[in-house]
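# Descriptive structure summary
Here is how the chains run, residue by residue.
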Amino acid sequence: RGRASQLPSFPAGCLCTVGVLAYGLISFRKGNTRRSQLMMRARVVAQGFTFAALLGGMVVTAFKSRQ
């Protein structure tokens, strides 16, 4: 298994990002532009969380490998 699978927050962040993106696209398709725009902003936040989780996992892995 890869390092990403060892970090529980990374897959959770990816799933959250995909879920928010899907909901935003569904809202856009239904014509609810306000909710779609809100979901696209939430997607950016979810991507930031995922990126932070990835970076945090890399830092933890680097510190563990030094010991």
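Residues numbered from 1 in each chain as written. Predicted model: local features only at pLDDT ≥ 70, side-chain atom pairs only at ≥ 80, totals over all residues. Heavy atoms only, no water.

The name an unreviewed UniProt entry gives the chain is HIG2A protein, with Oriolus oriolus as the organism. The annotation that UniProt attaches to the chain under Subcellular location (unreviewed entry) is "Mitochondrion membrane". (UniProt positions renumbered as here; feature names shortened; annotations may be inferred.)

The next thing to look at is the overall build of the chain. From N to C terminus, the chain includes 3 helices and 0 strands. Going from N to C terminus, the chain has its helices and strands arranged as α-α-α. In the chain, the proportion of contacts linking residues at least 24 apart, taken out of those at least 6 apart, comes to 52%. In the structure as shown, the chain presents an accessible area of about 5300 Å², 65% of it carried by carbon and sulfur atoms. (Helix = DSSP H or I, 4+ residues; strand = E, 2+ residues; numbered from the N terminus. Contact = heavy atoms within 4.5 Å. Areas by Shrake-Rupley, 256 points an atom, 1.4 Å probe, with all protein chains shown as cover.)

A few words now on a nonpolar patch on the surface. A cluster of nonpolar residues, Phe-51, Leu-55 and Met-58, forms a patch on the protein surface that exposes about 320 Å² of accessible area. Here Met-58 shows up in helix H3 (residues 33–66). (Patch = residues over 30% accessible without salt bridge, like charges linked within 9 Å, V, L, I, M, F, W, Y side chains within 5 Å. Salt bridge = Lys/Arg side-chain N within 4 Å of Asp/Glu carboxyl O.)

In the contact formed by helix H2 (residues 9–30) and H3, the axes pass within 8 Å of each other and the chain directions differ by 165°. In terms of orientation, H2 and H3 fall into the roughly antiparallel class. Between H2 and H3 lies a crossing whose hand is left-handed. Of the residues contributing to the contact of H2 with H3, the split by class is 15 nonpolar, 8 polar and 2 charged. (Axes fitted to C-alpha atoms, helices over the stretch in contact; angles between N-to-C directions. Parallel < 35°, antiparallel > 145°, perpendicular 65-115°, else oblique. Left-handed = near helix turned anticlockwise from the far one by under 90°. Nonpolar A, V, L, I, M, F, W, Y, C, P; charged D, E, K, R; others polar.)

Turning next to the environment of Phe-28. With respect to the helices, strands and loops of the structure, Phe-28 is situated in helix H2. Overall, the relative accessible area of 55% leaves Phe-28 in the exposed class. Separated by 11 residues in sequence, Phe-28 and Met-39 place their C-alpha atoms 9.6 Å apart. (Buried < 20%, exposed > 50% of the residue type's maximum accessible area, 1.4 Å probe, protein only.)

So, on to the state of the cysteines. Throughout the structure, instances matching the rule amount to 0 disulfides. Cysteine Cys-14 remains unbridged, with the sulfur of Cys-16 as its closest cysteine sulfur at 10.0 Å. Accessibility expressed as a relative area gives 41% for Cys-16, which makes it partly exposed. (Disulfide = S-S within 2.5 Å.)

Okay, the side chain of Ser-27 next. Checked against the element boundaries, Ser-27 lands in helix H2. Sequence-distant contacts of Ser-27, defined by excluding residues within four places in its chain, comprise Asn-32, Arg-35 and Ser-36.

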